[in-house]
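# Summary of structural features
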Amino acid sequence: MPQTILSPDRPFRPLDETQLVDYIKSTLVIRELIGFDSGKGVIDVKEVGDGNLNFVYIVAGPSGSVVVKQALPYIRCVGESWPMSKDRAYYEMLGLKKQGEICPGHVPEVFFFDRTMALIAMRYLKPPHIILRKGLIACIEYPLLAEHMSEFLARTLFFTSLLYNSTTDHRRGVAEFCGNVELCRLTEQVIFSDPYKVTQHNRWTAPHLDEDARAIREDGSLKLEIAGLKSMFCERSQALIHGDLHTGSIMVTVDSTQVIDPEFAFYGPMGFDIGAFLGNLMLAFFAQDGHAKMDADREQYKKWILKMVVDTWNLFQKKFVSLWTEHFGSGEAYPPEIYNDPKLLQQVQSEYTKDLLHESLGFGAAKMIRRIVGIAHVEDLESIADVSLRAHCERRALGFAVMLLKERRRFRSIEEVNDALASR
Ligand code: ADP
Ligand code: SR1
Ligand code: MG
């Protein structure tokens, strides 16, 4: 556990760069991390937050740097008109800690947490680490990405599920995260409801996509599918999920992959995390034509993105099933007295992963749709300066996502999804 404090004597206050320097001067753990000895040296603070919700600072001292993240009681990209519990920082700390224990190579360590101030100090992921989404826009290949992300997904999902844990431990885990209500409600609203109705928060590239957005709001069979996924999101405590695993929550170099920002963590459906990653890769795929016109041809790079989709799922499936076989009997989901026949176990595993693929495709598609006609868009598409070209990319992505959400059960393998993408 990182050093965790409650500071009732110092009530919550939002910190700006100057106030953060004073806060650090009075906080021994952070002072030691950056080598600041009172009276000597300087503390340099820079706000770098480009996410939707919080404030993130790089804090540099005489002999080290850390990242300090503070949650304010509202959503940053909207403003004070949309209040949001600042206790999300607590769930982010808890998520980083749990996922870091299970997958230490792919999660930054938390050094310090102040619950009153909703403030986390964590490892600074130094350059050349960049946000994966930015790497995908810049056409950079990451040779270990699928290997690392499949490892992160297989380990964090398996080791927090009932396949590995006893009912007692599993329910304890569920209870630990069940207070993350406001962030779950936010997801319920912006992913599973808003894109399917008229609301002030929705936006899209207008007027180009006016008809496409209307068609989504009037598509009964699409609403039926999204209702099923929403119900699964709300009601299925399958494993501890990150809850916001898009390509902006991953920092990379060619040999390192780090998952940040699990403030939406709770016990939910595994496919929500897998789908978030795959759906965001698909968005990056559809955005490439918008960038190709600005620089070189991107056909090779599109193939690489599709390979990441295929490799991530296939490697995930292999690793997840092999963890399950290795630890068979440890969790209470499938008692060995009933499932000790290897052939039967294989059938169970194959059914489980088939359903998981379909659920992941459904959630991935839902996430693509919300990024085009909902409140929070993605830089992959937003950075395409030519509006008509952007609308063209968005329409293709939207068309694919709508098809995938409705027809996901007909795909028997990720290769078939790949073929459907490649033929678009
Ligand atoms: P939000 O919760 O607002 O989405 P993020 O956790 O996504 O915030 O962080 C916003 C940005 O801050 C990231 O895009 C990244 O550039 C930077 N950042 C966050 N955590 C770290 C870290 N541990 N090391 C380096 N940069 C980080
Ligand atoms: C107001 S919606 C903001 C979005 O940003 C976060 O990263 C989550 O994806 C959330 O849905
Ligand atoms: Mg973020």
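Residues numbered from 1 in each chain as written. Chains lettered and ligands numbered in written order. Predicted model: local features only at pLDDT ≥ 70, side-chain atom pairs only at ≥ 80, totals over all residues. Heavy atoms only, no water.

## Examining the site of ligand 1
As a reminder, the rule being used: Proximity is defined per residue: any heavy atom of the residue falling within 4 Å of a molecule or strand makes that residue near it. Distance and chemistry together define a polar contact, namely a pair of N or O atoms within 3.5 Å, with one atom able to donate a hydrogen and the other to accept it when in protein, and with adjacent residues in sequence counting only for side-chain atoms on both sides. Residue-level accessible areas treat just the shown protein chains as cover; the underlying method is Shrake-Rupley with a 1.4 Å probe. Only DSSP runs of H or I covering at least 4 residues are called helices, and only runs of E covering at least 2 are called strands; the numbering of each starts at the N terminus. All domain edges in this entry derive from an automatic or database-based domain assignment.
Taken together, 17 residues form the shell around ligand 1, and within it Asp50, Asn54, Lys69, Arg123 and Glu263 come nearest. At a separation of 2.7 Å, an oxygen atom of ligand 1 approaches a polar side-chain atom of Asn54. One nitrogen or oxygen atom from the main chain of Arg123 is found 2.9 Å from a nitrogen atom belonging to ligand 1. Protein burial of ligand 1: of its 550 Å² of free accessible surface, 93% is covered by the chains. Elements with a contribution of two residues or more to the shell around ligand 1: strand 4 (65-70) and strand 8 (119-123). Each of domain 1 (3-123) and domain 2 (130-422) contributes no fewer than three residues to the shell around ligand 1.

## Quick look at the pattern of salt bridges
Applied cut-off: Put simply, a salt bridge is a Lys or Arg side-chain nitrogen that is within 4 Å of an Asp or Glu carboxyl oxygen. Between buried and exposed lies partly exposed: a residue is buried under 20% and exposed over 50% of the maximum accessible area for its type, with that area taken using a 1.4 Å probe on protein chains only.
Here the structure, examined in full by the defined rule, presents 30 salt bridges. A salt bridge links Glu263 to Arg88, with the nearest nitrogen and oxygen atoms 3.3 Å apart. Remark: Arg88 occurs in helix 3 (residues 88-102) and Glu263 occurs in the loop between strand 12 (257-259) and strand 13 (266-268); sequence separation between them is 175 residues. For the pair Glu263 and Arg88, one class covers both residues: buried. The salt bridge partner of Arg236 is Glu359, with a shortest N-O separation of 3.3 Å. On the criterion of sequence distance, the pair formed by Arg236 in the loop between helix 9 (220-235) and strand 10 (239-241) and Glu359 in helix 13 (residues 342-373) is long-range, its members being 123 residues apart. Each of Asp289, Glu299, Lys302 and Arg396 takes part in a single network of salt bridges with overlapping partners.

## Regarding helix 15 (residues 387-407)
Counting along an α-helix, one turn takes 3.6 residues, and residues three or four places apart therefore face a common direction. The condition that has to hold: Expected helix span is computed as 1.5 Å times (number of residues minus one).
The terminal C-alpha atoms of helix 15 lie 30 Å apart, and with 21 residues this matches the ideal 30 Å at 1.5 Å per residue to within 8%. For helix 15, the capping residue at the N-terminal end is Asp386, with a side-chain oxygen 3.0 Å from the backbone nitrogen of Ser388.

## Some words on the packing of helix 9 against helix 13
Applicable threshold: To obtain each axis, a line is fitted to C-alpha atoms, and for helices this fit is confined to the stretch in contact; angles are then taken between N-to-C directions over 0 to 180 degrees. Working definition: roughly parallel below 35 degrees, roughly antiparallel above 145 degrees, roughly perpendicular at 65 to 115 degrees, and oblique for all remaining angles. We call two residues in contact whenever any of their non-hydrogen atoms come within 4.5 Å of each other.
Orientation of helix 9 relative to helix 13, taken along the N-to-C sense of each, is 105 degrees, at an axis distance of 11 Å. It follows from the interaxial angle that helix 9 and helix 13 lie roughly perpendicular. Each of Ile226, Leu229, Met232 and Phe233 in helix 9 lies in contact with helix 13, whose residues at this interface are Glu359, Gly362, Phe363 and Ala366.

## Looking at the site of ligand 2
The condition is simple: Each residue is assigned to one of three groups, with Ala, Val, Leu, Ile, Met, Phe, Trp, Tyr, Cys and Pro labelled nonpolar, Asp, Glu, Lys and Arg labelled charged, and all others, Gly among them, labelled polar.
Lining the immediate surroundings of ligand 2 are Asn52, Leu53, Val190, Asp244, His246, Phe264, Arg370, Arg371 and Ile375. At 3.4 Å from an oxygen atom of ligand 2 is found a side-chain nitrogen or oxygen belonging to His246. Between Arg371 and ligand 2, the recorded distance is 3.3 Å, taken from a side-chain N or O atom to an oxygen atom. Computed on the free molecule, ligand 2 has an accessible area of 320 Å², of which 97% lies beneath the protein chains in the complex. Tallied by class, the residues present in the shell around ligand 2 amount to four nonpolar, two polar and three charged.

## Re the domain arrangement of the chain
Many analyses report the size of an interface as the accessible area lost when the parts associate. Selection rule: Note: buried area is the sum, over both parts, of the accessible area (probe 1.4 Å) each one loses when the two are combined.
Domain annotation of the chain identifies domain 1 (3-123) and domain 2 (130-422). In this structure, domain 1 and domain 2 have C-alpha centres spaced 28 Å apart. Facing the 26 residues of domain 1 at the interface are 33 residues of domain 2. In total, about 2400 Å² of surface goes out of reach between domain 1 and domain 2, with carbon and sulfur atoms giving 64% of it. Here domain 1 and domain 2 share three salt bridges between them. A salt bridge links Asp261 to Lys69, with the nearest nitrogen and oxygen atoms 2.8 Å apart. Between domain 1 and domain 2 we count eleven residue pairs in polar contact (both at pLDDT 80 or more) in total. Sorting the residues of the side of domain 1 that touches domain 2 by element identifies strand 6 (79-83) and helix 3 as the ones contributing at least two each. Ranked by the residues each element gives to the side of domain 1 that touches domain 2, the list is headed by helix 3, at nine residues. Residue classes in the side of domain 1 that touches domain 2 are distributed as 13 nonpolar, seven polar and six charged.

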